[in-house]
Amino acid sequence: MSLQSALDALKQKRYQEAVELLEQFCRDCVEHDSSDYLSAQMWLMKAYQATGETEKAKMLCQKLIMSENPQARSWAEQASQSFRQKPATQSNASQKAGRAATTGMKLAMGGVGGSLALASGVTMTLLFGMVLALGLSLVFILGNDNPLQGLAIAIGITLVFNLAAFFISPFIMDLTQGWLYQTRWVELAEVETLSPETAKVIRQVCEQKKLKTPRLGIINDQNPTAFTYGSLPNSARLVVSQGLFTYLDDDEIATVYAHELGHIVHWDFAVMTVASTLVQICYLIYSTARRFGRGGGDSKIKDAMQTAALVAYVFYVVGTYLVLYLSRTREYFADHFAAESTGNPNGLSRALVKIAYGILEEGSRTQEPSRLIEGTRALGIYDHKAAASTGTAYRIASDTQKIGRVFLWDMFNPWGWWMELNSTHPLTGKRVRALSNYAEQLGLPTEFDMGRVIGEGKSLNKSRLYGNFFLDVVLYGAETIGFFVGLVMGVILWSSSPNTGLVIGAPLIGLGIGIMVKALVMFPDYKQAPETDILTLMSDPYASPLRGQPAKLEGQLIGRGDAGYKFGSDLKIQDRSGMLYLHYASRFGPIGNFLFGMKRVQSLIGEQVGAVGWFRRGVAPWMDLIQLQSENGTIVNSYHRFWSFMLGGGSIILGVVLTMFLSSR
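Predicted, not measured: the structure shown is a model, and the values here were computed from it. (Residues numbered from 1 in each chain as written. Predicted model: local features only at pLDDT ≥ 70, side-chain atom pairs only at ≥ 80, totals over all residues. Heavy atoms only, no water.)

## A word on the overall build of the chain
Counted only if it meets this: Put simply, DSSP marks the helices as runs of H or I at least four residues long and the strands as runs of E at least two long, and each gets a number from the N terminus on. Partly exposed describes any residue whose relative accessible area lies between the buried limit of under 20% and the exposed limit of over 50%, with all areas from a 1.4 Å probe on protein chains only and scaled to the type maximum. In short, Shrake-Rupley with a 1.4 Å probe defines the accessible areas, and a residue's cover is counted only from the protein chains shown.
Helix and strand counts for the chain come out as 27 helices and ten strands. Residues counted as buried form 53% of the 665 residues belonging to the chain. Accessible surface for the chain amounts to roughly 30,100 Å². Of this, 60% is attributable to carbon and sulfur atoms.

## Quick notes on the environment of threonine 500
Heads up, the condition is: Contacts between residues were defined by any pair of non-hydrogen atoms, one from each residue, lying within 4.5 Å.
With respect to the element layout, threonine 500 can be found in helix H23 (residues 500-522). Placed 159 residues apart in sequence, threonine 500 and threonine 659 show a C-alpha to C-alpha distance of 7.7 Å. Once you skip the residues sitting within four places of it in the chain, threonine 500 turns out to touch Trp494 and Leu662.

## Considering the packing of helix H9 (residues 196-209) against helix H11 (residues 250-265)
The line we're drawing: Only C-alpha atoms enter the line fits that serve as axes; for helices the fit covers just the stretch in contact. Angles between N-to-C directions range over 0 to 180 degrees. Each angle receives one of four descriptions, namely roughly parallel if under 35 degrees, roughly antiparallel if over 145, roughly perpendicular if within 65 to 115, and oblique otherwise. Rotating anticlockwise by less than a right angle from the far helix to the near helix defines a left-handed crossing, while the corresponding clockwise rotation defines a right-handed one.
Where H9 meets H11, the axes come as close as 8 Å, and the angle between the chain directions of the two elements is 25 degrees. As summarised for this structure, H9 and H11 are arranged roughly parallel, according to the angle between their axes. The way H9 lies across H11 gives a crossing that is right-handed. Listed contacts from H11 to Pro196, Glu197, Thr198, Val201, Ile202, Val205 and Lys209 of H9 are Asp250, Asp251, Ile253, Ala254, Tyr257, Ala258, Leu261 and Val265.

## Structural notes on the sheet that holds strand E3 (residues 226-229)
How we decide: Any two strands are treated as partners once DSSP identifies two or more bridges connecting them.
Pairing in this open sheet of four strands is mixed, and the strands run E1-E2-E4-E3 from one edge to the other. The sheet terminates laterally at strand E1 (184-186) and E3, the two strands that pair on one side only. Averaged over neighbouring strand pairs, the angle between their axes works out to 30 degrees when direction is ignored. Each of strand E2 (215-219), E3 and strand E4 (237-241) is contacted by H11, which is oriented at about 20 degrees to E3, the strand it contacts most.

## Things to note about the packing of helix H21 (residues 462-476) against helix H22 (residues 478-496)
This is how the line gets drawn: Residue type decides the class: Asp, Glu, Lys and Arg count as charged, Ala, Val, Leu, Ile, Met, Phe, Trp, Tyr, Cys and Pro as nonpolar, and the leftover types, Gly among them, as polar.
Interaxial distance between H21 and H22 falls to 5 Å at its minimum, and their mutual angle equals 60 degrees. In terms of their interaxial angle, H21 and H22 are classed as oblique. Touching Val474, Leu475 and Tyr476 of H21 are Ala478, Glu479 and Ile481, all from H22. In terms of residue class, the contact of H21 with H22 is made up of five nonpolar, no polar and one charged.

## Thoughts on the pairing of E4
Taken across its five residues, E4 has five buried, putting it largely inside the fold. The sheet contact formed by E2 and E4 spans five bridges and is parallel. Residue pairing in the sheet places isoleucine 219 in a bridge with serine 241 of E4. Across four bridges, the pairing between E3 and E4 is antiparallel. Pairing of tyrosine 229 across the sheet is with arginine 237, part of E4.

## Concerning the confidence of the model for the chain
Applicable threshold: Here pLDDT means the predictor's own confidence in every residue, given as a number from 0 to 100.
Residue-level pLDDT values for the chain average 80, and 80% of them are 70 or greater. Counting contacts from residues 84-94, a segment whose pLDDT is below 50, to residues more than four positions away or on other chains yields six contacts.

## Comments concerning the nonpolar core
Stated formally: What makes a nonpolar core is a set of buried Ala, Val, Leu, Ile, Met, Phe, Trp, Tyr and Cys residues whose side-chain atoms join them at distances within 4.5 Å.
With 50 residues, the main nonpolar core has Leu244 and Tyr257 as its most contacted residues. In terms of nonpolar packing, the next biggest core, distinct from the first, is built from 28 residues, Ala9, Ala40, Leu64 and Ala76 among them.

## Focus: H22
This is how the line gets drawn: Each helix should span, by expectation, one fewer than its residue count multiplied by 1.5 Å. This arc describes the spread of directions from the helix axis toward the C-beta atoms.
Between its first and last C-alpha, H22 extends 27 Å over 19 residues, near the 27 Å set by a 1.5 Å rise per residue. Buried within H22 we find Ala478, Gly482, Gly486 and Gly490. Taken down its axis, H22 places every buried residue within 95 degrees of arc, on the same side. For H22, the exposed residues lying more than 90 degrees away from the buried face are Ile492 and Ser495. Looking at the buried residues of H22, the elements they touch are H21 and H23.

## So, the packing of aromatic side chains
For clarity, the cut-off: Side-chain rings of Phe, Tyr and Trp (the six-membered ring for Trp) are treated as a pair once their centres are within 6.5 Å; stacked means planes under 30 degrees apart, edge-to-face means over 60, and tilted covers the remaining angles. A positively charged side chain is recorded as over a ring if its NZ (Lys) or CZ (Arg) lies within 6 Å of the ring centre. The angle to the ring normal must also be within 35 degrees.
Applying the stated rule across the entire model yields 13 aromatic pairs. Plain terms: the ring middles of phenylalanine 483 and phenylalanine 484 are 5.5 Å apart, the flat faces sit at 90 degrees to each other, and that makes the pair edge-to-face. Geometrically, the ring pair formed by phenylalanine 642 and tryptophan 643 is edge-to-face, given 5.6 Å between the ring centres and 80 degrees between the ring planes. Owing to a relative accessible area of 30%, tryptophan 643 belongs among the partly exposed residues under this scheme. Grouped by ring-pair contacts, the aromatic residues Trp415, Trp417, Trp418, Phe469, Phe470 and Tyr476 constitute a single cluster. Sitting over the face of the ring of tryptophan 185, arginine 215 holds its NZ or CZ atom 4.0 Å from the ring centroid. Sitting over the ring of phenylalanine 171, arginine 237 keeps its end group 5.2 Å from the ring centre.

## Notes on H11
Since the α-helix turns once every 3.6 residues, residues separated by three or four places project in the same direction. For H11, with 16 residues, the first-to-last C-alpha span of 22 Å sits near the 22 Å given by 1.5 Å per residue. The element H11 is extensively covered by neighbouring structure, given that 14 of its 16 residues are classed as buried. Downstream of H11 by a residue or two, tryptophan 267 has a phi angle that is positive, lying close to 65 degrees.

## Quick word on unusual backbone geometry
If a residue is not glycine, its phi is most likely negative; likewise, a peptide bond is most likely trans. One non-glycine residue with positive phi stands out, namely lysine 210, at about 55 degrees. For lysine 210, the location among the structural elements is in the loop between H9 and E2.

## With respect to the pattern of salt bridges
Our working definition: For this analysis, a salt bridge means a side-chain nitrogen from Lys or Arg found within 4 Å of a carboxyl oxygen belonging to Asp or Glu.
In this structure the tally under the stated criterion is 16 salt bridges. Residue aspartate 249 pairs with lysine 354 through a salt bridge whose shortest N-O separation is 3.5 Å. With aspartate 249 in the loop between helix H10 (242-247) and H11 and lysine 354 in helix H14 (residues 345-364), the pair connects residues that are 105 residues apart, well separated along the chain. On the basis of relative accessible area, lysine 354 is assigned to the buried category, the value being 2%. Residue lysine 430 is joined to glutamate 420 by a salt bridge in which the shortest nitrogen-to-oxygen separation is 3.1 Å. Of the two residues, lysine 430 sits in helix H19 (residues 428-441) while glutamate 420 sits in helix H18 (residues 414-420), which places them ten residues apart along the sequence. A single network of salt bridges, built from pairs that share partners, joins Asp249, Asp251, Glu252, Arg350 and Lys354.

## Here's the deal with the pairing of strand E8 (residues 608-616)
Across the nine residues that make up E8, a large majority, eight, are buried. The sheet contact formed by strand E5 (residues 549-560) and E8 spans eight bridges and is antiparallel. Following the sheet pairing, glutamine 549 is matched in E8 by phenylalanine 615. Where E8 lies against strand E9 (residues 622-630), eight bridges are found, and the strand directions are antiparallel. The partner of valine 612 across the bridge, within E9, is glutamine 627. Here E8 folds back onto E9, and the loop between the two strands holds five residues.

As structure tokens, then:
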């Protein structure tokens, strides 16, 4: 596809066609510094304006303003004037909900997020107690004859280690940020040139809370994100990526900075630093005690070490979930602080959705995910794994109703609650619902009609939602359940008719049956799979990570799905509504996956394809691939169901053979 054909479509006012052609050209272009690529970006901005997609045009214009090419930068600066001259609202899809006339109004959280003080206090107390108890046990195990001295040593080690981690970790983070992401430290005046309202919010909050201005950093990465770290509020670091200024408007950027300032005001970034350190101490004690427990020497000491290792591992698992809970709680409170300090909860709602969109867009332009987004997942304002559904909805037409539909899964599907337990951030739908509640308290119209979402959610079939969920939870352990049921039946039959084959064969038969039953649910018949698009799949509130939904998609393969793995066999497909990961399974197992990734995947990238597979929805949605067919006739088959039936059937056959063989002896 040539750039000229796209320009011809634009000149002939076939604007939608021009958008599609220019987007495809930009995706296919390898040299992002080339004159053709920059020209395509400029014309794409004009095409977006012509189709009424003003937000996308503004984002692209802002990105060009940051270009290293002086001509592109100058052109974009002139083009940006057109946005200032146009009315603020151009269509129902691009209208912004308003903001409060004043800031600082107290907003009730209504039970959202629980209690930050309670969550922090309980988490820190339990974690500190766990580490202290483990430290004591190790000191006593090492044979100290003086219990008081052992207690003093244990407390001293715990305090020194944590104090050192508390004060040194920010400097280690500074070095890490500079090495990995080339963080550039800037003055408030530079931030003010990029976002005037942000500078105003920083000054206002720091003056009211009697804080020093945080050390401000900018990372030259177009993936939009922001995070805070440090030891004390007056020595905190607040870092954002350049993509934040590309994808967000001035007032939205200010709400993101206010959110991060909320972390500083609440001290929760410091609490998280210590809590995470304590969890790591638990793991360190576990690994150390396990290693000593395997060695020679006194059997009593070995037994005690093994016990300490087991307890330490339990504490590590419990501590991890406590830290995740604390992390989600602090996000709710930082959102609340941003809403109060800016009077603009709608701005933060828009910011969260646009950040998801920006992560999705940048991901579609590269074959490898950003190291920044991967490396700062726990620190950032948004969990990038949740970006696909929200970003896909915004990508179509910035339609708030379509975005609201993808929140149904977050709000009402029990799998959402289950998946959230392992997440550092609340699900986006829950955060937007809380922000909409603050907007209502301020007497503002809400950016996203969460009332409609809640109303639609209440009309969902609850028996289908929860019945499928509980059945799926059981099916997740179908292999284990089948194995133990077979073992019990084998023992019962053996007690009445001694036959060693039953005890060995019955569990294998039960295991195989469990695998087969699970496979029938995970991989249902796909011959009548409906043609659909990615947004429609993501808007299904009943979607499950286990219960596969057959579907056909038409789109372009835009890269590998494996993070930075050059031989990865998974792919990313993009249609007009969004992007989705495709999981591939070779009939030859892991070796076949490796060979497919090494020899075939690169040649497929850029192809227009039809994909058939089983759609699944977790925090991040994906599709288990069945077949890919390209326009040039290339066919790729994937064998997820094949391997399930092979393992299940093989286990049953082996169990039957062993039972018969041992019975005949």
